[in-house]
Amino acid sequence: MKELRIIGLLITDRIKEAGKTQQVLSKYAHIIQSRLGFHEVNESVCSRVGFILIRTAGNPEECDKLEQALGDIEGIEIQHMLFTY
(Lines give C-alpha, C1' and ligand atoms only; values in the text may rest on other atoms or scores of the structure.)
Protein backbone atom coordinates (compact mmCIF):
# COMPACT_ATOMS: atom_id res chain seq x y z
CA MET A 1 0.00 0.00 0.00
CA LYS A 2 1.28 3.48 -0.88
CA GLU A 3 0.96 6.67 1.11
CA LEU A 4 0.47 10.19 -0.24
CA ARG A 5 0.73 13.03 2.24
CA ILE A 6 -0.08 16.68 1.66
CA ILE A 7 1.19 19.11 4.28
CA GLY A 8 -0.23 22.61 4.58
CA LEU A 9 1.74 25.33 6.34
CA LEU A 10 0.47 28.66 7.60
CA ILE A 11 3.47 30.88 8.26
CA THR A 12 2.50 33.86 10.41
CA ASP A 13 5.65 35.87 9.61
CA ARG A 14 7.14 34.56 6.39
CA ILE A 15 9.87 37.19 6.30
CA LYS A 16 11.12 36.30 9.79
CA GLU A 17 10.82 32.51 9.37
CA ALA A 18 11.84 32.14 5.71
CA GLY A 19 15.43 31.12 6.42
CA LYS A 20 14.58 28.41 8.95
CA THR A 21 11.72 27.12 6.81
CA GLN A 22 13.88 26.91 3.69
CA GLN A 23 16.61 25.13 5.64
CA VAL A 24 14.18 22.39 6.73
CA LEU A 25 12.64 22.07 3.27
CA SER A 26 16.10 21.72 1.72
CA LYS A 27 17.09 19.05 4.25
CA TYR A 28 14.03 16.97 3.32
CA ALA A 29 14.02 17.78 -0.41
CA HIS A 30 14.47 14.08 -1.22
CA ILE A 31 10.89 13.35 -0.06
CA ILE A 32 9.20 16.50 -1.41
CA GLN A 33 7.59 15.84 -4.80
CA SER A 34 6.03 19.25 -5.20
CA ARG A 35 5.70 22.52 -3.33
CA LEU A 36 3.44 25.52 -3.85
CA GLY A 37 3.83 28.74 -1.90
CA PHE A 38 1.74 31.87 -1.99
CA HIS A 39 0.93 35.05 -0.07
CA GLU A 40 -1.34 38.02 -0.53
CA VAL A 41 0.10 40.81 -2.57
CA ASN A 42 -1.41 43.90 -4.16
CA GLU A 43 -0.25 47.38 -5.16
CA SER A 44 0.10 48.62 -1.60
CA VAL A 45 0.68 45.50 0.55
CA CYS A 46 2.90 42.44 0.53
CA SER A 47 1.55 40.25 3.33
CA ARG A 48 3.88 38.81 5.94
CA VAL A 49 1.55 35.78 6.20
CA GLY A 50 2.34 32.97 3.79
CA PHE A 51 1.00 29.54 2.88
CA ILE A 52 2.88 26.53 1.55
CA LEU A 53 1.44 23.24 0.28
CA ILE A 54 3.84 20.29 0.13
CA ARG A 55 3.25 16.90 -1.47
CA THR A 56 5.54 14.26 -0.03
CA ALA A 57 6.46 10.77 -1.12
CA GLY A 58 8.72 8.32 0.55
CA ASN A 59 8.92 6.55 3.79
CA PRO A 60 6.35 7.66 6.39
CA GLU A 61 8.98 8.05 9.12
CA GLU A 62 10.85 10.63 7.03
CA CYS A 63 7.58 12.49 6.38
CA ASP A 64 6.91 12.51 10.13
CA LYS A 65 10.40 13.94 10.73
CA LEU A 66 9.74 16.68 8.17
CA GLU A 67 6.49 17.63 9.90
CA GLN A 68 8.20 17.63 13.30
CA ALA A 69 11.06 19.82 12.06
CA LEU A 70 8.62 22.31 10.54
CA GLY A 71 6.51 22.25 13.72
CA ASP A 72 9.57 23.20 15.76
CA ILE A 73 9.75 26.53 13.94
CA GLU A 74 7.95 29.27 15.84
CA GLY A 75 5.07 30.84 13.92
CA ILE A 76 4.19 27.85 11.73
CA GLU A 77 0.85 26.03 11.91
CA ILE A 78 0.67 22.63 10.22
CA GLN A 79 -2.28 20.70 8.80
CA HIS A 80 -2.04 17.56 6.72
CA MET A 81 -4.03 15.14 4.61
CA LEU A 82 -3.04 11.50 4.32
CA PHE A 83 -4.16 9.19 1.53
CA THR A 84 -3.38 5.49 1.30
CA TYR A 85 -4.03 3.51 -1.84
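Above: the structure in question.
Residues numbered from 1 in each chain as written. Predicted model: local features only at pLDDT ≥ 70, side-chain atom pairs only at ≥ 80, totals over all residues. Heavy atoms only, no water.

K.L.:
Outline the layout of surface pockets, listing residues and values.
P.N.:
For the largest pocket, the calculated volume is near 240 Å³. If you trace the largest pocket, you find 16 residues lining it, with Ile 11, Arg 14, Ala 18, Thr 21 and Ile 52 closest to the centre. A per-element tally of the lining of the largest pocket places helix H1 (residues 14-27) first, with seven residues. When grouped by side-chain class, the residues that make up the lining of the largest pocket number eight nonpolar, five polar and three charged. (1 Å grid on protein atoms, 1.4 Å probe; cavity = no way out; pocket = protein on both sides within 12 Å on 5 of 7 lines; lining within 4 Å. Points joined across faces, edges and corners; volume = space filled by probe spheres on them. Helix = DSSP H or I, 4+ residues; strand = E, 2+ residues; numbered from the N terminus. Nonpolar A, V, L, I, M, F, W, Y, C, P; charged D, E, K, R; others polar.)

K.L.:
Requested: an account of the environment of Ile 52, with residues and values cited.
P.N.:
Tracing the chain through its elements places Ile 52 in strand S3 (residues 46-56). On the basis of relative accessibility, which here comes to 12%, the residue Ile 52 falls in the buried class. Ignoring anything within four residues of it in the chain, the contact list for Ile 52 reads Ile 7, Gly 8, Leu 9, Ile 11, Thr 21, Leu 25, Arg 35, Leu 36 and Gly 37. (Buried < 20%, exposed > 50% of the residue type's maximum accessible area, 1.4 Å probe, protein only. Contact = heavy atoms within 4.5 Å.)

K.L.:
Tell me about the pairing of strand S2 (residues 32-41), residues and numbers included.
P.N.:
Across eight bridges, S2 lies against S3 in antiparallel orientation. The partner of Arg 35 across the bridge, within S3, is Ile 54. Hairpin connection of S2 to S3: four residues between the antiparallel strands. (Pairing = 2+ DSSP bridges.)

K.L.:
Any details on a nonpolar patch on the surface? Residues and values, ideally.
P.N.:
Taken together, the side chains of Leu 36, Phe 38, Val 49, Phe 51 and Leu 53 present a nonpolar region at the surface, about 420 Å² in accessible area. With three residues, the top contributor of residues to the nonpolar patch is S3. The topology assignment puts Phe 51 in strand S3. (Patch = residues over 30% accessible without salt bridge, like charges linked within 9 Å, V, L, I, M, F, W, Y side chains within 5 Å. Areas by Shrake-Rupley, 256 points an atom, 1.4 Å probe, with all protein chains shown as cover. Salt bridge = Lys/Arg side-chain N within 4 Å of Asp/Glu carboxyl O.)

K.L.:
Any details on helix H2 (residues 60-71)? Residues and values, ideally.
P.N.:
Taking 1.5 Å per residue as the helical rise, H2 with its 12 residues ought to reach 16 Å, and the 16 Å between its terminal C-alpha atoms agrees with that figure. Residues of H2 that are buried in the fold lie against strand S1 (3-11), H1, S2, S3 and strand S4 (76-84). Measuring from the side-chain oxygen of the N-cap residue of H2 to the backbone nitrogen of Glu 61 gives 2.7 Å; that N-cap residue is Asn 59. (Expected span 1.5 Å × (residues − 1). Polar contact = N/O pair within 3.5 Å; in protein donor to acceptor, adjacent residues only side chain to side chain.)

On their own, these measurements won't tell you what the molecule is for.
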